[in-house]
Amino acid sequence: MSEKRLFRMTGRDFRLGRFDKAVLAIGSTEYHGEHLPYGTDTLVAEHLAEAVAERVEGLLVLPPLPLGMSHHYASFPLALSLSTETLMRVLWEVFESLLRHGIRRLLIINGHDGNIPAIEAATREFRVKHPEMKIAVLEAWWKTAADLLPEGTFEAWGGLGHGGEGKTSMMLAVVPELVEMSHARGVIPKLPAHVEVKWRFEELTPYGVTGDPTKATAEKGRKMRDALVELLVSFLREMDQRGWELGFKAGEGDPLLGVETDGGR
Ligand SMILES: [Zn+2]
């Protein structure tokens, strides 16, 4: 396979690669218990991005963003955290850089829950200002993987949790040498249904881990990884086929929808 990672390619590689789209992994650097590394969120998202790029023509792998909004995890040492505002700004300027160089199709693979508000706000606003830039987001792979796999795949809390069964399984599949299962310990928090209480992490767990990492296996992780890569590869192929259009353009056909693209910053 020719090099797909921008960080490792030369200008000549880039030119010859004829990249028409990019994938950006966004993670965090934060405590993930005694058994997982600080880079867990980044390592998983980066792994998925590279695995997808191996199978999709013209997909450039951008360097992963290793910092996210981790203020709500900062009660456990340590979290290198950006604010939501800063992360939005970083994303905005990455999008502008891509656009400036003619890359108008972007897939974001997010690895960390705290990044979701910044990604949502930055992508929505950017698309209002620059409709020609197409952006797709896999917002929460840990939920998507659980949705894609048969019921009963996970033993505890549907596989969810910060450093829980799903995430630890994924790490066992992706970078097993960085996982220390003998130190895995977590707790399943008693959260109310339907309405979200905005917790601080130390209110949920004394271990810095939610869910049950002791139920994690590499086999479950491989199933999650394979299901997600399959999903993203077929998603990108389908979007390329339809020119990343969603079937209807504002201003075409329906007189109630005008084209408004000049607003924003
Ligand atoms: Zn995280």
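All figures in this text were calculated on a predicted structure; none of them were measured in a lab. (Residues numbered from 1 in each chain as written. Predicted model: local features only at pLDDT ≥ 70, side-chain atom pairs only at ≥ 80, totals over all residues.)

Q: What is the right way to look at the overall build of the protein in this model?
A: Within the protein one finds seven helices and four strands. Of the regular secondary structure in the protein, the N- to C-terminal order runs α-β-α-β-α-β-α-β-α-α-α. What you see for the protein is a C-alpha radius of gyration of 19 Å, in line with the 18 Å of a compact globule of 265 residues. For the protein, the C-alpha atoms occupy an extent of roughly 55 × 45 × 35 Å along the three principal directions. Pairs at least 24 apart in sequence give 73% of the contacts found in the protein among residues at least 6 apart. (Helix = DSSP H or I, 4+ residues; strand = E, 2+ residues; numbered from the N terminus. Rg over C-alpha atoms; globule rule 2.2 N^0.38 Å. Contact = placed C-beta atoms within 7 Å.)

Q: How should the pairing of strand β3 (residues 105-110) be read in this particular structure?
A: Where a strand is regular, its side chains alternate between the two sheet faces. Where burial is concerned, most of β3 is hidden: six out of the six residues are buried. In β3, alternate side chains face the same way, and those of Arg105, Leu107 and Ile109 on one face and Leu106, Ile108 and Asn110 on the other are all buried. Where strand β1 (residues 21-26) meets β3, five bridges bridge the pair, whose relative direction is parallel. Bridging across to β3, Ala25 finds its partner in Ile109. Once you follow β3 into helix α4 (residues 116-129) and on to strand β4 (residues 134-138), the crossover reads as right-handed. (Buried ≥ 20, exposed ≤ 12 C-beta atoms within 10 Å, placed from the backbone. Pairing = 2+ DSSP bridges. Right-handed = clockwise from strand over helix to strand, strands pointing away.)

Q: Looking at this structure, I do not really get the pairing of β4. What am I missing?
A: Alignment of β3 against β4, held across five bridges, turns out to be parallel. Looking at β4, one finds that Ile108 is bridged to Val137.

Q: I keep staring at the packing of helix α3 (residues 84-100) against α4 and nothing clicks. Help me out?
A: Geometrically, a packed helix pair is captured by the angle between its two axes and the distance between the axes. Their axes nearest at 9 Å, the elements α3 and α4 cross at an angle of 40°. Overall, the two elements α3 and α4 adopt an arrangement that is oblique. The chirality of how α3 crosses α4 is right-handed. Packed against α3, whose contacting residues are Thr84, Leu87, Met88, Leu91, Trp92 and Phe95, the element α4 presents Pro117, Ala118, Ile119, Ala121, Ala122 and Phe126 at the interface. Residue composition of the contact of α3 with α4, by class: eleven nonpolar, one polar and no charged. (Axes fitted to C-alpha atoms, helices over the stretch in contact; angles between N-to-C directions. Parallel < 35°, antiparallel > 145°, perpendicular 65-115°, else oblique. Left-handed = near helix turned anticlockwise from the far one by under 90°. Nonpolar A, V, L, I, M, F, W, Y, C, P; charged D, E, K, R; others polar.)

Q: Would you take a moment to explain helix α7 (residues 218-241) for this structure?
A: Three- or four-residue spacings in an α-helix give side chains the same orientation, since the helix completes a turn every 3.6 residues. Taking 1.5 Å as the rise per residue, α7 with 24 residues should run 34 Å; its terminal C-alpha atoms sit 34 Å apart, in good agreement. Those residues of α7 that fall on the buried side of the exposure criterion are Lys220, Gly221, Met224, Arg225, Leu228, Leu232 and Leu236. Two residues or fewer after α7 comes Gly243, characterised by a positive phi angle close to 65°. (Expected span 1.5 Å × (residues − 1).)

Q: Quick question: what am I supposed to make of helix α6 (residues 165-174) here?
A: Most of α6 is tucked away, with ten of its ten residues classed as buried. All of the buried residues in α6 are Glu165, Gly166, Lys167, Thr168, Ser169, Met170, Met171, Leu172, Ala173 and Val174. Along its buried surface, α6 packs onto α2 (40-53), α5 (141-148) and α7.

Q: It is not clear to me how the sheet that holds β1 should be interpreted in this structure. Could you clarify?
A: On the basis of which strands lie adjacent, the open sheet formed by four strands has the order β2-β1-β3-β4 and parallel pairing. The open sheet has two free edges, formed respectively by β2 (59-61) and β4, since each of these has just one partner strand. Mean inter-strand twist for the sheet, computed between neighbouring axes without regard to direction, equals 25°. Contacts between α2 and the sheet are confined to β1, β2 and β3, with β1 contributing the most and set at about 160° to the helix.

Q: How should the environment of Lys198 be read in this particular structure?
A: Relative to the helices and strands, Lys198 is located in the loop between α6 and α7. In sequence terms Lys198 and His72 are 126 residues apart; their C-alpha atoms lie 9.4 Å from each other.

Q: What should I look at first to understand the packing of α2 against α7 in this one?
A: One can describe the packing of α2 onto α7 by two numbers: an axis separation of 9 Å at closest approach and a directional angle of 50°. Overall, the two elements α2 and α7 adopt an arrangement that is oblique. Two packed elements cross with a definite hand, and for α2 against α7 that hand is right-handed. In this structure, α2 uses Leu48, Ala51 and Val52 to contact α7, whose residues at the interface are Leu228, Val229, Leu232 and Val233.

Q: How do you make sense of the nonpolar core when you look at a structure like this?
A: When a protein is soluble and globular, its nonpolar side chains tend to lie buried together. Residues Val23, Leu24, Ala49 and Ile109 are the most contacted members of the largest nonpolar core, which totals 54 residues. Examining the composition of this core, we find that seven residues originate from one element, α2, more than from any other. Those residues in contact with Ala49, other than ones at most four positions away along the chain, are Val23, Ala25, Val61 and Ile109. (Core = buried A, V, L, I, M, F, W, Y, C linked by C-beta atoms within 7 Å.)

Q: Looking at this model, I keep getting lost on unusual backbone geometry. Mind explaining?
A: Glycine aside, residues mostly have negative phi angles, and peptide bonds mostly take the trans form. In this structure, the amide linkage connecting Pro77 to the following residue, Leu78, adopts the cis form with an omega of -15°. Its place among the elements puts Leu78 in the loop between β2 and α3. Of note, Trp157 is a non-glycine position whose phi angle comes to about 55°, a positive value. Its place among the elements puts Trp157 in the loop between α5 and α6. Among the residues examined, Trp157 registers 20 C-beta atoms within 10 Å and is labelled buried.

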